[in-house]
Amino acid sequence: MSRLLPFLGFLLLVVLFGFGIWWNTQHDQREVPSPLINKPAPAFVLPRLDDPAQSVSREALLGKPYLINVFASWCVACGEEHPVLMADGKSIGVPIIGYNYKDAPDDAKAWLAQHGNPYDTVIVDQEGRTAIDFGVYGAPESFLVDGKGIIRYKRIGPLTPEAIEKELKPAIAALAKEKP
Amino acid sequence: MSRNPFAGAHPVRDSAKRRGLDRARGALLQIVLLFLVASLAVAQAIDPLPFKDHAQEVRFQNLTRELRCLVCQNENLADSNADLARDLRHEVFDLMQQGKSDDEIKQYLVDRYSDFVLYDPPVQSSTLLLWFGPLLILLAGATVVVVTVRRRGRAGTTAMEDKPTDEGDDW
């Protein structure tokens, strides 16, 4: 038995190693779970991209759920996500608010003109100050906010058709059921 | 005109020599400038902020060293060149100007980015293994050593004159 001990120790390390590899394929190591889930979305007042004189606030959006999608024209992963939003955006059943993050408004407009605009409204946070309140650390990120202004779901990284089907749509369906 | 090659009075040769010297001096100056620019570039990773005094700057440096940059996750806020890190440094600076304490500033960031921003994670149920795991492994190792030493000691006293056991080969 004691002869086998070192071998068993080695086997244990191999199992641990294998588990580590498996775990890392299942989880995004860079993903930071948002502490804002099930907490009120931070207050914001941000100008609209198409008309900077008008602004959109958290209060103005209360009453109906919506999806905030953080994007920027400089963001490569946003370019991957964009066709998905173009294709599936209308089918999710809630308005999508584009959150233009640290971008030049002209670049953002050109980007949307070129690739299409899946957003109901686009708001601009050129400084990225409000984004800090949202805990944004990269684009794209998406927040599902319910009618009471509570963040219910967050997706870090591009929305994929799979993520929309398996995570976003069930989350939206759950919101619809809650309504009395 | 002197034929002596060592005479420095030859106008043409003299100016040629000077040109060579100037060129060498120019190259040296360029190298010095290059180093200067390089060191400036490093210094500008930490953008200058208008601190009230040196004490506040030290406090700022210490605080940002304890906070993790979320974009390049193996760097702290103080060292990171990422755009977001710069924004967060400014945020920390502004909060300091508002008279917030270090703990309040940390809490501000934790509220937005979770405990992940802290390089010194708090002791709580989810971090117990992180905090005390090494101690557990140390204890396990110590137990193995104690058990082995005892067993060998016993084997040594009873079976010393007997044929040697192969016990020792395993370890």
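Residues numbered from 1 in each chain as written. Chains lettered and ligands numbered in written order. Predicted model: local features only at pLDDT ≥ 70, side-chain atom pairs only at ≥ 80, totals over all residues.

## Some remarks on the overall build of chain B
Then step 1. Along the backbone of chain B there are 5 helices and 0 strands.
Then step 2. Listing the helices and strands of chain B from first to last along the sequence gives α-α-α-α-α.
Then step 3. Burial analysis of chain B (171 residues in total) assigns 13% to the buried set.
Then step 4. Sequence-distant contacts in chain B: of pairs separated by 6 or more residues, those separated by 24 or more amount to 36%. (Helix = DSSP H or I, 4+ residues; strand = E, 2+ residues; numbered from the N terminus. Buried ≥ 20, exposed ≤ 12 C-beta atoms within 10 Å, placed from the backbone. Contact = placed C-beta atoms within 7 Å.)

## With respect to the interface of chain A and chain B
Then step 1. Across the contact, 16 residues belong to chain A and 15 residues belong to chain B.
Then step 2. Counting residues per element, the ones that place at least two in the side of chain A that touches chain B are helix 1 (5–26) and helix 5 (129–133) of chain A.
Then step 3. Among the residues making up the side of chain A that touches chain B, the classes are represented as 7 nonpolar, 5 polar and 4 charged. (Nonpolar A, V, L, I, M, F, W, Y, C, P; charged D, E, K, R; others polar.)

## A look at the packing of helix 2 (residues 54–65) of chain B against helix 3 (residues 83–97) of chain B
Axes are the key here: two packed helices are described by the angle between their axes and the distance separating the axes.
Residue and element names in this part refer to chain B.
Then step 1. In contact at an axis separation of 11 Å, helix 2 and helix 3 are set at 135° when each is read in the N-to-C sense. Taken together, the axes of helix 2 and helix 3 lie oblique to each other. As for how helix 2 packs across helix 3, the hand of that crossing is right-handed. Only Arg 89, Val 92, Phe 93 and Met 96 of helix 3 make contact with helix 2, whose side of the interface consists of Gln 56, Phe 60, Leu 63 and Thr 64.
Then step 2. Across the contact of helix 2 with helix 3, the residue classes tally to 5 nonpolar, 2 polar and 1 charged. (Axes fitted to C-alpha atoms, helices over the stretch in contact; angles between N-to-C directions. Parallel < 35°, antiparallel > 145°, perpendicular 65-115°, else oblique. Left-handed = near helix turned anticlockwise from the far one by under 90°.)

## Notes on the domain arrangement of chain B
Then step 1. Parsing chain B into structural domains produces domain 1 (50–122) and domain 2 (126–153).
Then step 2. For domain 1 of chain B versus domain 2 of chain B, the distance between C-alpha centres works out to 37 Å. (Domains from an automatic or database assignment.)

## Notes on the nonpolar core
Then step 1. Formed by 55 residues in total, the largest nonpolar core has its most connected members in A:Ile68, A:Val70, A:Phe71, A:Ile97 and A:Tyr101.
Then step 2. Ranked by the residues each element gives to this core, the list is headed by helix 3 of chain B, at 6 residues.
Then step 3. Filtering out sequence-adjacent residues up to four positions away, A:Phe71 remains in contact with A:Cys78, A:Gly98, A:Tyr99, A:Asn100, A:Tyr101, A:Ala139 and A:Pro140. (Core = buried A, V, L, I, M, F, W, Y, C linked by C-beta atoms within 7 Å.)

## Let's talk about the sheet that holds strand 5 (residues 121–125) of chain A
Residues and elements named next belong to chain A.
Then step 1. Sheet architecture is open: 5 strands sit in the order 5-4-3-6-7, paired in mixed fashion. Edge positions in the open sheet fall to strand 5 and strand 7 (151–156), since each of these has one partner strand only. Ignoring which end each strand starts from, the neighbouring axes of this sheet average 20° apart.
Then step 2. Pairing of strand 4 (residues 96–101) with strand 5 involves 5 bridges; the strand directions are parallel. Along strand 5, the bridge assignment pairs Tyr 101 with Asp 125. (Pairing = 2+ DSSP bridges.)

## With respect to unusual backbone geometry
Then step 1. Here the bond from A:Ala139 into A:Pro140 is cis, since omega is 0°, no more than 30 degrees from zero.
Then step 2. One non-glycine residue, B:Ser114, lies in positive phi territory at about 70°.
Then step 3. With respect to the secondary-structure elements, B:Ser114 resides in the loop between helix 4 (102–113) and helix 5 (128–159).

## Focus on the confidence of the model for chain B
Residue and element names in this part refer to chain B.
Then step 1. With 71% of its residues at a pLDDT of 70 or more, chain B has an overall mean of 79.
Then step 2. Helix 1 (residues 11–43) is the least confidently modelled element of chain B, averaging 64 in pLDDT, while helix 4 averages 93, the highest of any element.
Then step 3. Scored below 50 in pLDDT, residues 1–11 makes 4 contacts in the model with residues more than four places away or belonging to other chains.
Then step 4. At the level of chain-chain contacts, confidence expressed as ipTM amounts to 0.80, with global pTM at 0.71. (pLDDT = per-residue confidence, 0-100.)

## Details of helix 4 (residues 105–115) of chain A
Residues and elements named next belong to chain A.
Then step 1. What helix 4 keeps buried is the set Ala 108, Trp 111 and Leu 112. Buried residues of helix 4, seen end-on, are gathered within an arc of 95° and therefore sit on one face of the element. Turned more than 90 degrees away from the buried face of helix 4 sit Asp 106, Ala 110, Ala 113 and Gln 114, all of them exposed.
Then step 2. Packing partners of the buried residues in helix 4 comprise strand 4. (Arc of directions from axis to C-beta.)

## Brief notes about the pairing of strand 3 (residues 66–71) of chain A
All names here are of chain A.
Then step 1. Extensive coverage of strand 3 is indicated by the burial of 6 of its 6 residues.
Then step 2. Here strand 3 shows two buried faces, one formed by Tyr 66, Ile 68 and Val 70 and the other by Leu 67, Asn 69 and Phe 71.
Then step 3. Of the pairings in the sheet, the one linking strand 3 to strand 6 (residues 141–145) comprises 5 bridges and is antiparallel in character. Looking at strand 6, one finds that Ile 68 is bridged to Phe 143.
Then step 4. In terms of strand pairing, strand 3 meets strand 4 through 5 bridges, oriented parallel. For Phe 71, the partnering residue across the bridge sits in strand 4 and is Asn 100.
Then step 5. Following the backbone out of strand 3, through helix 3 (residues 76–88) and into the adjacent parallel strand 4, one traces a crossover that is right-handed. (Right-handed = clockwise from strand over helix to strand, strands pointing away.)

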